[in-house]
Amino acid sequence: RLGGAARAAAAEADRLQAARVRAEEARDRDLAGLAELEDRLAAATDDDGGPQDQDADPAERDRLAAAAAEARTAEMESRLAVRTAEERARALAGRAEALDRAAAAERSERERRAALRDRRAREARTAAAVARGVAVALTAVERSLAAAADERQEAETSRTVREGELLAVRGRHRDLTAELESLTSAVHRDEVARAEQRLRIEALEAKALEDYGVAAESLMAEYGPAVAVPVTEPAPDNDDDAEVSATIPYDRAEQQKRAAAADRALALLGKVNPLALEEFSALEERHTFLQTQLEDLKATRRDLMTVVRDIDERIHEVFSSAYEDVAREFETVFSLLFPGGQGRLVLTDAADLLATGIEIEARPPGKKVKRLSLLSGGERSLTAVAFLCAIFRARPSPFYVLDEVEAALDDRNLGRLLDLLSELRSTSQLIIITHQKRTMEIADALYGVSMRGDGITAVISQRLREVEPV
């Protein structure tokens, strides 16, 4: 098909080439006719465009002009036809080349397909040979499967028989295991019984040797089952003190009864302790020592009770004095911190100063309540500061450390507290931790902790006024 298309394209190209040649020849003729007409037109006109012969025929002139126009038109058409023919020729040439390339590709593809067909034919022959081999192998496999099925059936039958035998063997094994366990248990019981009997015999031998000082060999020789057992009987004249010794054959039950009766009689008598005198002397000495220690403890207790009474009296005296001083100072300090208010300390048990508690009654000005739980936070803080300062004034100290005691106070109460602190400064040194500026203003020196730009804290100090020695 591609070859036919190529031949048709070549024929079309030849036809177009011939048409182009004819168009070129027609163009040349038209050009020659045009040149002739132009020459005739030039001859018909003068150099400035005017007619040379005034008597020329206008019809001839018009005919020549029309012929010239037709010649130009024919020329244009010839040129267009030539250009069209050239374009079609180039297109047909490109198409011919494309067809040639397609034909070459088709030939290579045909060769490839032929090679592929040959290869597939070889593969088909190989596959056929493999199929024949597979058929043979399948036949062999079927025979093998049939033989394997027969062997499996035989194996199943054999396995069934073997499982029956195995079950019988397992049943026999369980029976033998149970019998072995019973025999082992019997043997263990016999061994335990023998061991217990042996231990009992050894204990009896040790007891005989320990209690009576008789060895086992002598005991068996003198008091064994083969030896007659001596007994005591009262004399015929009914004299209780006179007894006649006799022997009777060994009877285990009878001898056990006699042994039990003798054990009861011995138990009634009790054991004889040969070391009782030494133990009594040791206990008497221990009693004397403990009696002496008891007297020392009683004397020590009397001394301690005397010391306790002295300490209680001293504590009573010191507490009473301290309480009176603190109560007096508390009323004074409370009146300073709460002008117009009343505050006092009350003992919960005035009769027993060693076990009593202290209650604080505070009545700020304008209020009737006395319990601290009914006061505001600032009032409770100021009351606590009043109690603390009362203790300071009752029992002065060289210095005091206060940590933000004025944090909950307003400006008015803060001023009162600062006045009180100023009084304490006359007798003691105050170290106050605070954030209040008014508290800092009354200080002699300030110490602050600040963090520098490098992240390291530093202590900064500033002395505000010279401190007079106390």
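Here the structure is a predicted model, which means the values were calculated and not measured.

### With respect to the overall build of the protein
Then, in step 1: In terms of helices and strands, the protein carries eight helices and eight strands.
Then, in step 2: Based on the C-alpha atoms only, the size of the protein along its principal axes is roughly 220 × 115 × 45 Å.
Then, in step 3: In the protein, which comprises 470 residues, the proportion classed as buried is 16%.
Then, in step 4: Of the roughly 35400 Å² of accessible surface on the protein, a fraction of 56% belongs to carbon and sulfur atoms.

### Things to note about the pattern of salt bridges
Then, in step 1: For the coordinates displayed, the defined rule picks out 13 salt bridges.
Then, in step 2: As a salt-bridge pair, Arg112 and Glu109 come within 2.2 Å of each other at their nearest N and O atoms. Placement of both Arg112 and Glu109 in helix H2 (residues 58–211) is noted, with a separation of three residues, approximately one turn of the helix.
Then, in step 3: When its relative accessible area of 23% is taken as the criterion, Glu109 is described as partly exposed.
Then, in step 4: With a shortest N-O distance of 3.8 Å, Arg314 and Glu317 are connected by a salt bridge. Here the residue Arg314 and the residue Glu317 both occupy positions in helix H5 (residues 276–337), the gap between them amounting to three residues, near one helical turn.
Then, in step 5: Overlapping salt bridges, with partners in common, bring together Glu109, Arg112 and Arg113 in one network.

### Thoughts on the side chain of Asp444
Then, in step 1: Locating Asp444 in the fold gives a position in the loop between helix H8 (437–441) and strand S7 (445–451).
Then, in step 2: We classify Asp444 as buried; its relative accessible area is 18%.
Then, in step 3: For Asp444, the side chain forms a polar contact with the side chain of Arg425, separated by 2.7 Å.

### Notes on a nonpolar patch on the surface
Then, in step 1: A surface patch of nonpolar side chains, amounting to about 330 Å² of accessible area, comprises Val307, Ile311, Ile315 and Leu354.
Then, in step 2: Residue position: Val307 is located in helix H5.
Then, in step 3: Among the residues examined, Val307 registers a relative accessible area of 42% and is labelled partly exposed.

### Section: the packing of aromatic side chains
Then, in step 1: Taken as a whole, this structure holds five aromatic pairs when the rule is applied.
Then, in step 2: Ring geometry for Phe319 against Tyr323: centres 6.3 Å apart, planes inclined by 15°, an arrangement best described as stacked. With Phe319 and Tyr323 both in helix H5, this residue pair falls four residues apart, about one helical turn.
Then, in step 3: On the basis of relative accessibility, which here comes to 26%, the residue Phe319 falls in the partly exposed class.
Then, in step 4: Ring centres 3.8 Å apart and planes at 25° place the aromatic pair Phe392 and Tyr400 in the stacked group.
Then, in step 5: The class of Phe392 is buried, set by a relative accessible area of 12%.
Then, in step 6: The exposure class assigned to Tyr400 is buried, which follows from its relative accessible area of 6%.

### Quick word on the confidence of the model for the protein
Then, in step 1: Summarising the model, the protein shows a mean pLDDT of 81, and 92% of its residues fall at 70 or more.
Then, in step 2: Confidence, read as mean pLDDT per element, is least for strand S2 (residues 243–248) in the protein (65) and greatest for H5 (89).
Then, in step 3: Ignoring residues within four places in sequence, the model shows residues 47–54, a span with pLDDT below 50, making nine contacts including any to other chains.

### Things to note about the packing of helix H6 (residues 377–394) against helix H7 (residues 411–425)
Then, in step 1: Following both chains from N to C, one finds H6 and H7 inclined at 10°, their axes separated by 12 Å at the closest point. With respect to H7, the element H6 is oriented roughly parallel. Note on element contacts: H7 touches H6 through Asn413, Leu417, Leu420, Glu423 and Leu424, opposite Leu382, Val385, Cys389, Phe392 and Arg393.
Then, in step 2: Class assignment of the residues belonging to the contact of H6 with H7 gives a composition of seven nonpolar, one polar and two charged.

### Let's talk about the nonpolar core
Then, in step 1: Among the nonpolar cores identified, the biggest contains 30 residues, and Leu337 and Leu421 are the most heavily contacted of them.
Then, in step 2: Among the nonpolar cores identified, the runner-up in size contains five residues, and Leu34, Leu64, Ala68 and Ala71 belong to it.

### A look at H5
Then, in step 1: Looking only at H5, the buried set comprises Tyr323, Asp325, Val326, Ala327, Glu329, Phe330, Val333, Phe334 and Leu337.
Then, in step 2: Lining the buried residues of H5 we find strand S3 (342–347), strand S4 (358–363), H6 and H7.

### Some words on empty space enclosed by the protein
Then, in step 1: The full count for this structure, using the stated rule, is two cavities of 30 Å³ or more.
Then, in step 2: Space inside the second largest cavity adds up to approximately 30 Å³.
Then, in step 3: If you trace the second largest cavity, you find it lined by Val385, Leu388, Cys389, Leu402, Val405, Leu417 and Leu421.
Then, in step 4: Contributions of two or more residues to the lining of the second largest cavity are made by H6 and H7.

### As for the pairing of strand S5 (residues 399–403)
Then, in step 1: Across the two faces of S5 the burial differs, with Tyr400 and Leu402 buried and Phe399, Val401 and Asp403 not buried at all.
Then, in step 2: Of the pairings in the sheet, the one linking S5 to strand S6 (residues 429–433) comprises five bridges and is parallel in character. Counterpart to Asp403 in the pairing with S6 is Ile433.
Then, in step 3: Handedness of the β-α-β unit built from S5, H7 and S6 comes out right-handed.

### As for the side chain of Glu379
Then, in step 1: Looking at the secondary structure, you find Glu379 in helix H6.
Then, in step 2: In contact with Glu379, not counting residues within four places along its chain, are Phe338, Pro364 and Lys367.

### Thoughts on the layout of surface pockets
Then, in step 1: When its volume is computed, the largest pocket comes out at roughly 1800 Å³.
Then, in step 2: Along its surface, the largest pocket is lined by 33 residues, and Leu204, Ala208, Tyr212, Leu219 and Ala259 are the ones closest to its centre.
Then, in step 3: Contributions of two or more residues to the lining of the largest pocket are made by H2, helix H3 (216–223), strand S1 (229–234) and helix H4 (252–269).
Then, in step 4: Its residues assigned to classes, the lining of the largest pocket shows 19 nonpolar, five polar and nine charged.

### Topic: the pairing of strand S8 (residues 457–463)
Then, in step 1: Direction of pairing for S7 relative to S8: antiparallel, over a ladder of seven bridges. Among the inter-strand pairings, Met451 is bridged to a residue of S8, identified as Thr457.
Then, in step 2: Count of turn residues in the S7/S8 antiparallel hairpin: five residues, of which Gly455 carries a positive phi of about 85°.

Calculation notes
- Residues numbered from 1 in each chain as written.
- Predicted model: local features only at pLDDT ≥ 70, side-chain atom pairs only at ≥ 80, totals over all residues.
- Heavy atoms only, no water.
- Helix = DSSP H or I, 4+ residues; strand = E, 2+ residues; numbered from the N terminus.
- Buried < 20%, exposed > 50% of the residue type's maximum accessible area, 1.4 Å probe, protein only.
- Areas by Shrake-Rupley, 256 points an atom, 1.4 Å probe, with all protein chains shown as cover.
- Salt bridge = Lys/Arg side-chain N within 4 Å of Asp/Glu carboxyl O.
- Polar contact = N/O pair within 3.5 Å; in protein donor to acceptor, adjacent residues only side chain to side chain.
- Patch = residues over 30% accessible without salt bridge, like charges linked within 9 Å, V, L, I, M, F, W, Y side chains within 5 Å.
- Phe/Tyr/Trp six-rings, centres within 6.5 Å; stacked < 30°, edge-to-face > 60°.
- pLDDT = per-residue confidence, 0-100.
- Contact = heavy atoms within 4.5 Å.
- Axes fitted to C-alpha atoms, helices over the stretch in contact; angles between N-to-C directions.
- Parallel < 35°, antiparallel > 145°, perpendicular 65-115°, else oblique.
- Nonpolar A, V, L, I, M, F, W, Y, C, P; charged D, E, K, R; others polar.
- Core = buried A, V, L, I, M, F, W, Y, C linked by side-chain atoms within 4.5 Å.
- 1 Å grid on protein atoms, 1.4 Å probe; cavity = no way out; pocket = protein on both sides within 12 Å on 5 of 7 lines; lining within 4 Å.
- Points joined across faces, edges and corners; volume = space filled by probe spheres on them.
- Pairing = 2+ DSSP bridges.
- Right-handed = clockwise from strand over helix to strand, strands pointing away.

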